[in-house]
Amino acid sequence: MKNAVLTIGLLVVANIFMTFAWYGHLKLQQMKFISSNTPLYVVILLSWGIALAEYCCQVPANRIGFTGNGGSFSLMQLKVIQEAITLMIFTVFTVVFFKGEALHWNHFAAFFCLIAAVYFVFMK
């Protein structure tokens, strides 16, 4: 149980970093911290720097959580959990940082399907 909680916690932190690495530059552009004229390689290097922190959490989460290493989750379970966490983190990020983005009924339908996927992946 301790491994499961640690794994999920690390996956949450990793996905926060991942979301900022992938989409944070868009908000920085809106806030005029970087311009649309900033060379793409600069934005990529910035994102890679943030992604390094993501990997420092993601890799240990997978090692600790994998049943082959004494963890609580199969490889498929780890991946589906990670995808569900990614969607939740991305949704919060979008709603908080990009005020113009709205959630619609189809987004909630997709969330339900993903939660159902987590349920089904844990069925025996």
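What you see is a predicted model, and the numbers here were worked out from it, not measured in a lab.

A look at the nonpolar core
- With 11 residues, the main nonpolar core is built from Ala4, Leu10, Leu11, Ala14, Cys57, Ala61, Phe73, Leu78, Ile81, Ile85 and Ile89.
- Among the secondary structure elements, those contributing two or more residues to this core are helix H1 (2–30), helix H2 (40–65) and helix H3 (75–97).
- In this view, Ala14 contacts Glu54, Cys57 and Gln58; residues no more than four positions away in its chain are not counted.

Things to note about the side chain of Ser47
- As for its placement among the helices and strands, Ser47 is situated in helix H2.
- A residue is classified by how much of its surface remains accessible, and Ser47, at 14% relative accessible area, is buried.
- If near-sequence neighbours (up to four positions away) are discounted, Ser47 is found in contact with Ala21 and His25.

Topic: the side chain of Thr19
- Position of Thr19 relative to the elements: it lies in helix H1.
- If near-sequence neighbours (up to four positions away) are discounted, Thr19 is found in contact with Gly24, Ile89, Phe90 and Phe93.

Looking at the packing of H3 against helix H4 (residues 105–121)
- Running from N to C, H3 and H4 cross one another at 155 degrees; their axes reach a closest spacing of 9 Å. As judged from the angle between their axes, H3 and H4 are roughly antiparallel. Once H3 is placed against H4, the crossing between them reads as left-handed. Contact residues: H3 offers Met76, Gln77, Val80, Glu83, Ala84, Leu87 and Thr91, while H4 offers Phe111, Leu114, Ala117, Val118 and Val121.

Some points on the packing of aromatic side chains
- Tallied over the full model, the rule gives nine aromatic pairs.
- Taken together, a centroid distance of 5.8 Å and an interplanar angle of 80 degrees make the contact between Phe108 and Phe111 edge-to-face. Placement of the pair is Phe108 and Phe111 together in helix H4, with a separation of three residues, close to one helical turn.
- Classification of Phe108 by relative accessible area gives partly exposed; the value is 48%.
- For Phe111, a relative accessible area of 22% gives the class partly exposed.
- An aromatic cluster is built from Phe20, Phe93, Phe97 and Phe98, whose rings are joined through pairwise contacts.
- Directly above the aromatic system of Phe98 lies the positively charged group of Lys27, at a separation of 5.7 Å from the ring centroid.

Side note on a nonpolar patch on the surface
- A contiguous nonpolar surface patch, about 670 Å² in accessible area, is contributed by Leu40, Tyr41, Val42, Ile44, Leu45 and Trp48.
- Its location among the elements puts Leu45 in helix H2.

Cut-offs used in this document
- Numbers given for residues are sequential positions, taken from 1 along each chain in its written order.
- With the structure being a predicted model, the display of local features is reserved for residues of pLDDT at least 70 and the display and counting of side-chain atom pairs for 80 or more, all residues being used for whole-chain, interface and lining totals.
- For side-chain calculations, the full set of non-hydrogen atoms in the structure is used, while hydrogens and water are omitted.
- We call a set of buried Ala, Val, Leu, Ile, Met, Phe, Trp, Tyr and Cys residues a nonpolar core when their side-chain atoms join them within 4.5 Å.
- Under the scheme applied here, a residue whose accessible area is under 20% of the maximum for its type counts as buried, over 50% as exposed, and between as partly exposed, the area being computed with a 1.4 Å probe on protein chains only.
- Helix and strand assignments come from DSSP, with helices taken as H or I runs of at least 4 residues and strands as E runs of at least 2, each series counted from the N terminus.
- Residues count as neighbours in contact if any of their non-hydrogen atoms are within 4.5 Å of one another.
- Lines fitted to C-alpha atoms define the axes, with helix axes restricted to the stretch in contact, and inter-axis angles between N-to-C directions lie between 0 and 180 degrees.
- For classification, angles of less than 35 degrees are called roughly parallel, those exceeding 145 degrees roughly antiparallel, those between 65 and 115 degrees roughly perpendicular, and all remaining angles oblique.
- If you view the pair so one helix is near and one far, a crossing is left-handed when the near helix is turned anticlockwise from the far one by less than a right angle, and right-handed when it is turned clockwise.
- Only Phe, Tyr and Trp rings are paired, with Trp represented by its six-membered ring, and only when their centres lie within 6.5 Å; those with planes under 30 degrees apart are stacked, over 60 edge-to-face, the remainder tilted.
- A ring is considered to have a charge above it if a Lys NZ or an Arg CZ atom is located within 6 Å of its centre and within 35 degrees of its normal.
- Residues enter patches when their relative accessible area tops 30% and they take part in no salt bridge; the joining distance is 9 Å for like charges and 5 Å for the nonpolar side chains Val, Leu, Ile, Met, Phe, Trp and Tyr.
- To be clear on the numbers: accessible area is Shrake-Rupley with a 1.4 Å probe, and residue cover counts the displayed protein chains and nothing else.
- Each reported salt bridge corresponds to a side-chain nitrogen of Lys or Arg within 4 Å of a carboxyl oxygen of Asp or Glu.

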